Amino acid sequence: MKSRLLRNVLGSLLSFVLVMGIWQAIVVWGQVAPYIAPRPLDAFRAISGDWSTLWPLTLWTLRETVYGFLAGAVLGVVFGIVMHKIAMLQRVLYPILIVTQAIPIVALAAPLVLMLGFNLGPKIVIVAWIVFFPVTVNVLDGLTHVDGDLLTLARVLGARRWRTFLVIEVPAAIAPLFSGLKIGATYAVTGAIIGEMAASSGSSLALYQHNANANLNAAAVYGTTLIMTAIGISWFLLIVSLEFWATPWRRRVTARRRRIGGKHK
Amino acid sequence: MSHQDLLRLEALRKSFGSTVALSDTSLNVQRGSFVSIVGPSGCGKSTLFNMISGLERPDGGSILIDDRDVTTRTGQVGYMMQKDLLVPWRTVLGNITLGARLTRRLTYDDRRRAVDIAQRYGLGDFLHHYPMALSGGMRQRVALMRTLALDHELLLLDEPFGALDAQTRFEMQQWLLSVWRESERTVLFITHDVDEAVFLSDRVLVMSSRPGRVVDDITIDLERPRTLGTLTSAVFNGYKSQILEHLHGRVGP
Ligand SMILES: Nc1ncnc2c1ncn2[C@@H]1O[C@H](COP(=O)(O)OP(=O)(O)OP(=O)(O)O)[C@@H](O)[C@H]1O
Ligand SMILES: [Mg+2]
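Residues numbered from 1 in each chain as written. Chains lettered and ligands numbered in written order. Predicted model: local features only at pLDDT ≥ 70, side-chain atom pairs only at ≥ 80, totals over all residues. Heavy atoms only, no water.

A. Looking closely at the site of ligand 1. All names here are of chain B. Close to ligand 1 lie 13 residues; Ser41, Gly42, Lys45, Ser46 and Thr47 are nearest. The separation between an oxygen atom of ligand 1 and a polar main-chain atom of Gly44 is 3.1 Å. For ligand 1, the accessible surface in isolation is 630 Å², of which the surrounding protein chains cover 62%. Only strand E2 (19-30) and helix H1 (45-52) provide two or more residues apiece to the shell around ligand 1. Considering every element that reaches the shell around ligand 1, the biggest residue donor is H1, with three residues. For the shell around ligand 1, the residue count by class is three nonpolar, eight polar and two charged. (Near = heavy atom within 4 Å. Polar contact = N/O pair within 3.5 Å; in protein donor to acceptor, adjacent residues only side chain to side chain. Areas by Shrake-Rupley, 256 points an atom, 1.4 Å probe, with all protein chains shown as cover. Helix = DSSP H or I, 4+ residues; strand = E, 2+ residues; numbered from the N terminus. Nonpolar A, V, L, I, M, F, W, Y, C, P; charged D, E, K, R; others polar.)

B. Geometry of the environment of Ser18 of chain B. Here Ser18 of chain B lies in the loop between strand E1 (5-16) and E2. On the basis of relative accessibility, which here comes to 74%, the residue Ser18 of chain B falls in the exposed class. (Buried < 20%, exposed > 50% of the residue type's maximum accessible area, 1.4 Å probe, protein only.)

C. Molecular detail of helix H8 (residues 161-172) of chain A. With 12 residues, H8 of chain A extends 15 Å between its outermost C-alpha atoms, agreeing within 8% with the 16 Å of an ideal straight helix rising 1.5 Å per residue. Buried residues along H8 of chain A sit in contact with helix H3 (51-85), helix H6 (120-144), helix H7 (148-156) and helix H9 (174-198) of chain A together with helix H3 (98-103) of chain B. (Expected span 1.5 Å × (residues − 1). Contact = heavy atoms within 4.5 Å.)

D. Expanded view of the interface of chain A and chain B. Taken together, the contacts link 30 residues of chain A with 35 residues of chain B. Both faces considered, chain A and chain B share a buried interface measuring about 3100 Å² in area, 67% of it formed by carbon and sulfur atoms. Our count for the contact surface shared by chain A and chain B stands at one salt bridge. We note a salt bridge from Asp149 of chain A to Lys83 of chain B, for which the minimum N-O separation is 2.3 Å. Between the two partners, chain A and chain B, sit seven residue pairs in polar contact (both at pLDDT 80 or more). When residues of the side of chain A that touches chain B are traced back to their parent elements, those giving at least two are H7 and H8 of chain A. A per-element tally of the side of chain A that touches chain B places H7 of chain A first, with seven residues. Considering only residue class, the side of chain A that touches chain B consists of 15 nonpolar, seven polar and eight charged. (Buried area = accessible area lost by both parts, 1.4 Å probe. Salt bridge = Lys/Arg side-chain N within 4 Å of Asp/Glu carboxyl O.)

Everything listed is a geometric property; what it means functionally is a separate question.
Listed below in C-alpha cells is the structure:
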C-alpha cells in the first residue's frame, strides 16, 4: 500500500519535472523571446515576487471553485437520483440537461452578471453549471446499472424498497459518482476563471493575468496560469483521495475499522 | 394433518415461452423434515425455488406456508440461491447480517450472533475481509450463514456446497445437519450429488426434465445421526442405486 502511494507521488514528480524540462528546452533552444514565453524559473520568480497580491486572489479563485463544485456536485447527485427514480422526469429532463451543456459558457456569463452582480454569485453558478452535468450522468448511469443479481438478493432477503436503495443502490453508485466528480473537478477551475474574465470588478486572478498581458509581462502571465493549474490539480487530487477513502473494498482485503458485535480476541 | 405440513404446493406450474420449466406439481413438506431434490440440469429445480421464495410468479397454482398463501410474497423463507451473491462493499460480517440490515434495524445481537456463527464455522479470521479476498468455498459459507441468520423456519438451499472440496463439504454437511436439528428448521435442498442427497435427507425427490416434474419421491429410512459409516452401508447404497436408476435409466417419459 505505502509503496504504491510512494510510486504515485514519484510518478507525479517525474511528470512535473518532464513538463518543466520540455518547456525550458523549447524556450532555450528555440530562442523564444522572453516577452513571448518566459523560462519556467522566471515564471515562478514572477509569482513569488508578487505573492502578497497573488495569494488573496488565489484563495478567492479557490473559493469560487470549491463552492461552485460543491453546489454542482449536490445538484448532480440530486438530479441523478430523481431522474433514476422517476422515469417520466428523466425523459423530460435529459434533453434539457444536454441543452445546458451546449450553451457556450462565455455566452452565459453576461446575463448572469446582470442577474447576480460582480461578486461570488455568477462564478459559483458557472462552475456548478459545468460540474453538475458529468455528476448527473454518471450517478444516473450507476443507479441504472446496479447489478441485477444484488437487487434480486435484496428481494430474497425481504428488503423494503428504500432500504434496498440505501444499502444496495447507493453504495453501488459511489464508484460512478466519483468518475463524475473527477471530471467535474478538472473543469471546475476553468469555470471559475471564465467567470472571473466575464464578471470581475476590482481584482481577480483572471484580471491580474489580463493586466500582465497588457504590460507584456509574459513571466507573470505564465506564472498566473501555473497558479490556476495548481488549483485545478489540487482539487482533483483531493477528490481522488476522497474516492480512495470512500471505496476501500476496491483495493483492500479487510475493512479499516474493526466494528464487531463481540469483543475481538 | 395440515398443521404437520409446513409447506404445501398445489398444482404449481411455470413455463418460459414454450419451455415448460415446471409442469403441474403438488407437494407437501412436513415441518422439521429435510428434503432433497435431485434431477438433471434444466429440469426446473431453481425455478421451483424461485417460485417458493416469491421471486417468480407461477403461471398457476399456489404456495402455502403454514396454511397461509404466500404466492409471490418475498421474505417468507430463507433462500440461498445457486449463485453465491455477496455484496462486494460489505465485509463477511456485513454480508452475514445483510438480511437484518435490509429489513429492520441492525442490532448488537445480530452482530454478535453473526460473529459467533462465523467463528464457529471457520470464518472467524475473515470477519472483516471483503468478499473479493475469499475463496469460492468461503463465499458459499458466508452466503449460507446469511441465509440462516434471518431465522426463517423454511430454508431453500440451491446447491449450497457445490464449490467445496470433499473434506470441507463433509464438514459443512455435518454443520448443516446440526443447525437443522438444533434450530428445528425445515430444509429443501437441491443437489447434483446423489450421495449428498441420501446422506442428508429424510426424503429425496427425483425430478426429470422436459417437462420439469417430480418423478419419484423416496423416503430415506436411515438412522440419525449419520456418520461416515452410513456412507458405506448397504441400505445407503440401495437408496443410491434406486435414485441413480431413475436419473439415468429413463428411456422415455
Ligand atoms: N428467466 C428465464 N427465462 C427463460 N427460461 C428460463 C428462465 N429461467 C429458467 N428457464 C428455463 O427453465 C428451465 C429450468 O431452469 P432451472 O434453472 O430451473 O433449471 P435447474 O434444474 O435449476 O438446472 P441446474 O441444475 O442447471 O441449475 C431451463 O430450461 C431454463 O432454460
Ligand atoms: Mg438451478
